[in-house]
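In case you want the letters, here they are:
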Amino acid sequence: MIGRGGANLNTLLFFFVILKKGLERFAGERIRFEAITVAWLDKYAAFLHKEGKTQTTVSIHLRHLRAILNEARRLGVVKEAQYPFGRGRYEIQAGEGRKLALTLEQIGQIARYDDGTDTSAKYRDYWLFLYLCNGINVADFVKLRYRDIVNGEICFVRQKTEHTTKTRKEIRVIVTEQMRAIIDRRGNAPAPERFIFPILDGSEDAMKQKMKTMYLTKAINKRMAEIGRVLGIANISTYTARHSFATVLKRAGTNIAYISESLGHQDLKTTENYLASFEREERQKNAELLTQF
């Protein structure tokens, strides 16, 4: 249990069962919010590594813990001065192989993939929609409503930054022919207040929404990994959809400011860090050109 005085977030800890067990192995059953400092997080990450967990798994554990603290901060249980995550504090390292963008050719292979099952077709469509919709996060994807389509564009605010920035930063996405086809195949019957896709029904509380979002993410990743094995494409995931969106545009020469705005990043530095793997890829390719004599 994580708590501070009488306050606690048992529901979130129940949701993150695996995280809860890891926390209890590391620090016991009761952990006070104020105990979770940068130094504490360093030790926790080292503990998970010592247990044999990969950096990817450690990153997932830490992001789940960050989600709990974000909710605690939103509720006023954790003060800003106590919050240990972020720039200049504790920054979660990316897992191995996370930033692997696909090529347009590979994305085309995925778009054309058909094994005859509706399950594969559904999750393929969901993955493609994430990619085409500016690499939208699953948490935002499930909340899209028909009212968010205005003059042929989907307009939404990232859940991740909605309550952490002073200005409301709206992302706009042109609804392409491919996106419209996916909506027609997979969406609910159109109505302004209705969710576009049949994931949420509007009766869910915040906890239930997170559970459904996490389940959908897991289901997409599992099926897309299977499709990837058939196609010989590694590391297809919801994250790959987002990173591929950014990298495909970068490869095409799109201005980084436009990519940053499309992703909903708060500054160009975040986008530059996000595209760091692309920059190395370009340096490698250019270095090889020097020896083609």
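These notes cover the structure that comes with them. The shown structure was predicted, so the numbers you read here are calculated from the model rather than taken from an experiment.

The rules we used
Residues numbered from 1 in each chain as written. Predicted model: local features only at pLDDT ≥ 70, side-chain atom pairs only at ≥ 80, totals over all residues. Heavy atoms only, no water. Buried < 20%, exposed > 50% of the residue type's maximum accessible area, 1.4 Å probe, protein only. Helix = DSSP H or I, 4+ residues; strand = E, 2+ residues; numbered from the N terminus. Pairing = 2+ DSSP bridges. Disulfide = S-S within 2.5 Å. Polar contact = N/O pair within 3.5 Å; in protein donor to acceptor, adjacent residues only side chain to side chain.

**Considerations on the pairing of strand E6 (residues 170–174)**
Here comes step 1: Burial along E6 is one-sided: the residues Ile-171 and Val-173 are buried and none of Glu-170, Arg-172 and Ile-174 is.
Here comes step 2: Note: strand E5 (residues 153–157) against E6, five bridges, orientation antiparallel. Of the residues in E6, the one forming a bridge with Cys-155 is Arg-172.

**Quick word on the sheet that holds strand E4 (residues 149–150)**
Here comes step 1: Taken in spatial order, the three strands of this open sheet run E4-E5-E6, and their pairing is antiparallel. Two strands lie at the open edges of the sheet, namely E4 and E6, each paired on one side alone.
Here comes step 2: Pairing between E4 and E5: two bridges, direction antiparallel. When the sheet's bridge partners are listed, Ile-149 is paired in E5 with Ile-154.

**Some words on the state of the cysteines**
Here comes step 1: On inspection of all chains with the given rule, the structure shows zero disulfides.
Here comes step 2: Free of any disulfide, Cys-155 has its nearest neighbouring cysteine sulfur in Cys-133, separated by 10.0 Å.
Here comes step 3: A relative accessible area of 7% means that Cys-155 is categorised as buried.

**Some words on the side chain of Ser-59**
Here comes step 1: Inspection of the secondary structure assignment puts Ser-59 in helix H4 (residues 55–74).
Here comes step 2: A distance of 2.8 Å separates a polar side-chain atom of Ser-59 from the backbone oxygen of Gln-55.

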